[in-house]
Amino acid sequence: MSAEAPEAPAKEFDDETKSLGDQLVGLTLLQAKALSDYIKEVHGIEPAGGGVVVAAGPAAGGGEGAAAVEEKTDFDVILTSFGDAKINVIKVVRSITGLGLKEAKELVEGAPKPVKEAVPKEEAEKLVKEIEGAGGSAELK
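All values reported here derive from a predicted model rather than from experimental measurement.

Criteria and thresholds
Residues numbered from 1 in each chain as written. Predicted model: local features only at pLDDT ≥ 70, side-chain atom pairs only at ≥ 80, totals over all residues. Heavy atoms only, no water. Core = buried A, V, L, I, M, F, W, Y, C linked by side-chain atoms within 4.5 Å. Buried < 20%, exposed > 50% of the residue type's maximum accessible area, 1.4 Å probe, protein only. Helix = DSSP H or I, 4+ residues; strand = E, 2+ residues; numbered from the N terminus. Contact = heavy atoms within 4.5 Å. Pairing = 2+ DSSP bridges. Expected span 1.5 Å × (residues − 1). Arc of directions from axis to C-beta. Salt bridge = Lys/Arg side-chain N within 4 Å of Asp/Glu carboxyl O.

A. Looking closely at the nonpolar core. Counting 19 residues, the largest nonpolar core has Val77, Leu79 and Ile131 as the members making the most contacts within it. Of all the elements in the fold, those that place two or more residues in this core are β1 (74-81), α5 (86-97), α6 (101-109), β2 (113-120) and α7 (121-133). Setting aside chain neighbours within four positions, we find Val77 in contact with Lys113, Pro114, Val115, Lys116, Val119, Ala124, Leu127, Val128, Ile131, Ala138, Glu139 and Leu140.

B. Inspection of the pairing of β1 at higher detail. Two elements, β1 and β2, share five bridges in a ladder whose sense is antiparallel. Note that in β2 the partner of Leu79 across the bridge is Lys113. Both β1 and strand β3 (residues 137-140) contribute to a ladder of four bridges, which runs antiparallel. Looking across to β3, one finds that Ile78 is bridged to Glu139.

C. Local environment of α5. Between the first and last C-alpha of α5 there are 16 Å, a value that for twelve residues agrees with the 16 Å anticipated at 1.5 Å per step. When we look at burial in α5, the residues that qualify are Val89, Ile90, Val92, Val93, Ile96 and Thr97. Around the axis of α5, the buried residues are gathered within 165° of arc, so they sit on the same side. In α5, the exposed residues that point more than 90 degrees away from the buried face are Ile87 and Lys91. Packing partners of the buried residues in α5 comprise α2 (29-43), β1, α6, β2 and α7. Backbone geometry just downstream of α5 places Gly98 in the positive-phi region, at approximately 80°.

D. Quick peek at the environment of Leu127. For Leu127, the location among the structural elements is in helix α7. Taking the C-alpha atoms as reference points, Leu127 and Lys116, eleven residues apart in sequence, are found 8.6 Å from one another. Not counting residues up to four positions away in its chain, the partners in contact with Leu127 are Val77, Ile96 and Lys116.

E. Layout of the pattern of salt bridges. This model, assessed by the stated rule, comprises three salt bridges. Among the salt bridges present, the one from Lys86 reaches Glu109, with a minimum N-O distance of 2.8 Å. Linking Lys86 in helix α5 with Glu109 in helix α6, this pair joins segments that are 23 residues apart in sequence. Classification of Glu109 by relative accessible area gives partly exposed; the value is 36%. Its salt-bridge partner being Lys141, residue Glu139 comes within 3.5 Å of it at the nearest N-O pair. When salt bridges with common partners are traced through the structure, they connect Lys86, Lys105 and Glu109 into a single cluster.

Now the structure itself:
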């Protein structure tokens, strides 16, 4: 019976809730950022840790263990400098963040600044390589 005990308190969800949850978990990082911006601008609601929730979705399987995994796999990509190629770095930052030209320029000129927060390690390493490929420098935290 101990094998059945964890399943017994499982909560049933209606189809609409399941569908919405599946859509949220399947969002790309850019889609999650766009959704976060929409919720903030249109409804005045600031999502708490929007990227973390999406990134942790597939890993969330078992209480405390899932939380420990989340902490180890989520990283912040920090732009440390733009080097001699500020324009190229601005272009890369715009493509990564979806920011407008003015906002991306301010972010780049204000280095060190976070470019993307709470992303999986593989994605974060890819973003660091993109920034370095454009002539800037970045690190993971």
